[in-house]
Amino acid sequence: MKNVLRLAIGSSLLVGSAMVVAPQEAEGYTTIGGSLGLAQRDLRVYNNFSGSNANNNNTIHSNWPQYDGAELALWKAGAEWNSRAHGDGTGDSTQSTVGSGGANFSFVWNGNASGVGGGNDNIISSLGGSSGGVLAYCETPISNGWRIRFYGDAWNWQDGPGNVTSGQDIQGVGCHELGHALGLGHSSTSSATMYAYAIGTGAPNRSIASDDINGVKHIYGTMSGGMPSISDITGSMTLGGNITITGTNFSSTGNILWLQSNVLNGSNSGGNMMKVTGLSSSGGGTVINMTLPTGGWEGGAVHVQSNGSGGSSLSESHPFGGNGGGSANDTIAMTISDNTPNPGQLVTLSWSGAPSNKSYTIVYSFTDGSPLFTTWNGIVGAGATTSSGIGSYNKIIPSRGSGRTAYVEMQVVDGGEIYNSNTVVVDIN
Ligand SMILES: [Zn+2]
């Protein structure tokens, strides 16, 4: 029989688990039994959310490359439970840091799935119909995997990214459901994300509370001081490119880089990460120089596993704007009406070859290094592409750009794949 833990709205309905839930002494949190081993840390999204507000955030954030809409909201929902901050912790305007679990535990973002998957495939998706006041549920037991379903048609789901003032918050409810996926039951502490009843929009649930942190530490242990950590990744983040990973606590030999797999399916095999094994470090365990594989991966997030086997061997997640798609790099052709404009001048960026009817973002950087989507300084504009893939965007050159050279690229995200343009160089007078 399938056991489910459900998050209900209001105070009138709570459907509990069929499993025994044992309160911890002097704590609000409870556990459902079991934990996720390293082979079950993957988290994917089948984005079948169809509500008009569930996928209207089109802005790509540099700390969360290549994903937007419901996918970005659910990625952040999982990363909140991670041992340490994801990248620099930014990207959610309702909290200062995403990633504050403090345990020997991190979810491993593995991008998109192509179906809802089975009950153990670790995929989040939307579900038709309704069930009273229930917002979403997580299928348990968890140790061999889980599945989360949102009642997509029954509620006005919102993908943020700012505070949600009406409707239901995908990220906040996702954070609660993923708390079940990692082994927590409902908490009696009203400020906890794992509190049994959703409050209002659910946005406060995005940030886990001390009671939640105590809960995840109870299951996985307080984060080891020897856990590896990634502080920066530089180099050529393309197929076969050479990169340098900077951090702490890397083993001298036998490190493993966990990359997002490019396998897009609805079964467990798509949950397997692309792993590069046998990596040595230098600088007293602070630097890994390596060559990326020539296929099988995509950008989003990476982890480093040191030469160990438990949860304390796997680093927090780190943003990785790499382009594992190969052919998707520079597939959009973009030009500008004037490469040497004056401040205050109206220019037009024109393109062709973009994927049809998808969100696009145009960014600029003051340093040249395609793809720009981990290093950009600001957003030029955003919108939706047309069915022909041909379009344009008008922009007035800001006065603060005077005397500078800006590098401009366009990015279109389609099913977790990145398509970007050539770099347009703009020498501003
Ligand atoms: Zn719940």
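In case you missed it, the structure is sitting above this.
Residues numbered from 1 in each chain as written. Predicted model: local features only at pLDDT ≥ 70, side-chain atom pairs only at ≥ 80, totals over all residues. Heavy atoms only, no water.

*Asks:* Requested: an account of the overall build of the chain, with residues and values cited.
*Replies:* Each helix and strand in the chain was counted, giving 3 helices and 26 strands. Scored against the burial criterion, the 429 residues of the chain give a buried share of 54%. Looking at the chain as shown, the accessible area adds up to about 15000 Å², and 48% of this sits on carbon and sulfur atoms. (Helix = DSSP H or I, 4+ residues; strand = E, 2+ residues; numbered from the N terminus. Buried < 20%, exposed > 50% of the residue type's maximum accessible area, 1.4 Å probe, protein only. Areas by Shrake-Rupley, 256 points an atom, 1.4 Å probe, with all protein chains shown as cover.)

*Asks:* Quick rundown of the nonpolar core? Include the residues and the values.
*Replies:* Judged by nonpolar contacts, the single largest core of 44 residues is most densely connected at Trp81, Phe107, Trp146, Phe150 and Leu178. Of all the secondary-structure elements, those providing two or more residues to this core are strand E4 (42-45), helix H1 (69-79), strand E7 (134-140), strand E8 (147-151), helix H2 (170-181) and helix H3 (210-220). Among the elements that line this core, the one with the most residues is H1, at 7 residues. In this structure, Leu178 is in contact with Leu43, Leu74, Ala77, Gly78, Trp81, Phe107, Ile124, Trp146 and Ile148, ignoring residues within four places of it in sequence. Counting residues in each nonpolar core, the second largest holds 18 residues, with Val347, Leu349, Val380 and Val408 among its members. (Core = buried A, V, L, I, M, F, W, Y, C linked by side-chain atoms within 4.5 Å. Contact = heavy atoms within 4.5 Å.)

*Asks:* Tell me about the pattern of salt bridges, residues and numbers included.
*Replies:* Applying the stated criterion across every chain, the model contains 5 salt bridges. Two residues, Arg84 and Glu316, come together in a salt bridge whose shortest N-O distance is 2.8 Å. You can see Arg84 sitting in the loop between H1 and strand E5 (108-112) and its partner Glu316 sitting in the loop between strand E17 (297-305) and strand E18 (318-320), a full 232 residues away along the chain. By relative accessible area, Glu316 is classed as buried at 2%. Its salt-bridge partner being Arg206, residue Asp92 comes within 2.9 Å of it at the nearest N-O pair. Taken together, the residues span a long stretch of sequence, with Asp92 in the loop between H1 and E5 and Arg206 in the loop between strand E11 (197-198) and H3 at a distance of 114 residues. Arg206 shares its class with Asp92; the two are buried. Linked through salt bridges whose partners overlap, the residues forming this network are Lys76, Asp92, Asp169 and Arg206. (Salt bridge = Lys/Arg side-chain N within 4 Å of Asp/Glu carboxyl O.)

*Asks:* Please provide a residue-by-residue account of H2, values included.
*Replies:* In this model H2 runs 16 Å from its N-terminal to its C-terminal C-alpha over 12 residues, within 8% of the 16 Å that 1.5 Å per residue would give. Listing the buried residues of H2 in full gives Ile170, Gln171, Gly172, Val173, Gly174, Cys175, His176, Glu177, Leu178, Gly179, His180 and Ala181. Backbone geometry just after H2 places Gly183 at a positive phi near 120 degrees. (Expected span 1.5 Å × (residues − 1).)

*Asks:* Just give me the short version of the coordination of the zinc ion, but keep the residues and values in it.
*Replies:* Those donors, His176 (NE2), His180 (NE2) and His186 (NE2), are the protein atoms that reach the zinc ion, and they lie 2.0 to 2.1 Å from it. Sequence spacing of the donor residues for the zinc ion, all on one chain, is H-x3-H-x5-H. With His176 and His180 both in helix H2 and 4 residues apart, this pair spans about one turn of that helix. Per residue, the accessibility class of His176 equals that of His180, and both read buried. (Donors = N, O, S within 2.8 Å, 3.2 Å for Na, K, Ca; no water.)

*Asks:* I'd like a description of the sheet that holds E17, backed by residues and values.
*Replies:* Overall, antiparallel pairing links the 4 strands, which are arranged E15-E14-E17-E18 in an open sheet. Lying at the two open borders of the sheet, with one neighbouring strand each, are strand E15 (274-279) and E18. Direction aside, neighbouring strands of the sheet carry axes that sit 25 degrees apart on average. Across 3 bridges, E17 lies against E18 in antiparallel orientation. Bridged to Gly300 within E18 is Phe320. (Pairing = 2+ DSSP bridges. Axes fitted to C-alpha atoms, helices over the stretch in contact; angles between N-to-C directions.)

*Asks:* Could you give me a rundown of the environment of Ser191, with the residues and numbers involved?
*Replies:* Topologically, Ser191 is positioned in the loop between H2 and E11. For the pair Ser191 and Asp211, spaced 20 residues apart in the sequence, the C-alpha separation amounts to 8.2 Å.

*Asks:* Tell me what's going on with the side chain of Ser281, and back it up with residues and numbers.
*Replies:* Here Ser281 shows up in the loop between E15 and strand E16 (287-291). Ser281 gets classed as buried once you look at its relative accessible area, which sits at 17%. Engagement of the side chain of Ser281 in a polar contact is seen with the backbone oxygen of Ser251, the distance being 2.8 Å. Residues in contact with Ser281, not counting those within four places in the same chain, are Phe250, Ser251, Ser252, Asn255, Val287 and Ile288. (Polar contact = N/O pair within 3.5 Å; in protein donor to acceptor, adjacent residues only side chain to side chain.)

*Asks:* Can you break down empty space enclosed by the protein residue by residue, with the values?
*Replies:* Scanning all chains against the criterion turns up 1 cavity of 30 Å³ or more. Considered as a void within the structure, the largest cavity measures approximately 40 Å³ in volume. Taken together, the elements giving at least two residues each to the lining of the largest cavity come down to H1 and E5. Sort the elements by how many residues they give to the lining of the largest cavity and H1 lands first, with 3 residues. Each residue belonging to the lining of the largest cavity can be placed in one class, and the counts come to 6 nonpolar, 3 polar and no charged. (1 Å grid on protein atoms, 1.4 Å probe; cavity = no way out; pocket = protein on both sides within 12 Å on 5 of 7 lines; lining within 4 Å. Points joined across faces, edges and corners; volume = space filled by probe spheres on them. Nonpolar A, V, L, I, M, F, W, Y, C, P; charged D, E, K, R; others polar.)

*Asks:* A description of the packing of aromatic side chains should follow, citing residues and the corresponding values.
*Replies:* Overall, the coordinates contain 13 aromatic pairs when judged by the stated rule. Taking the centre distance of 5.8 Å and the plane angle of 50 degrees together, the rings of Trp297 and Phe320 count as tilted. A residue pair is termed long-range when its members are at least 10 positions apart, and Trp297 in strand E17 and Phe320 in strand E18 qualify at 23 residues. Given the relative accessible area of 0%, Phe320 is considered buried. Ring pairs connect the aromatic residues Trp64, Tyr67, Trp75 and Trp109, which therefore count as one cluster. In this arrangement the basic side chain of Lys275 is found over the ring face of Trp258, its NZ or CZ atom lying 4.0 Å from the centre. For Arg404, the ring lying beneath its charged end belongs to Phe366, and the centroid distance is 3.7 Å. (Phe/Tyr/Trp six-rings, centres within 6.5 Å; stacked < 30°, edge-to-face > 60°. Lys NZ or Arg CZ within 6 Å of the ring centre and 35° of its normal.)

Shape is all these values report; function is a separate question.
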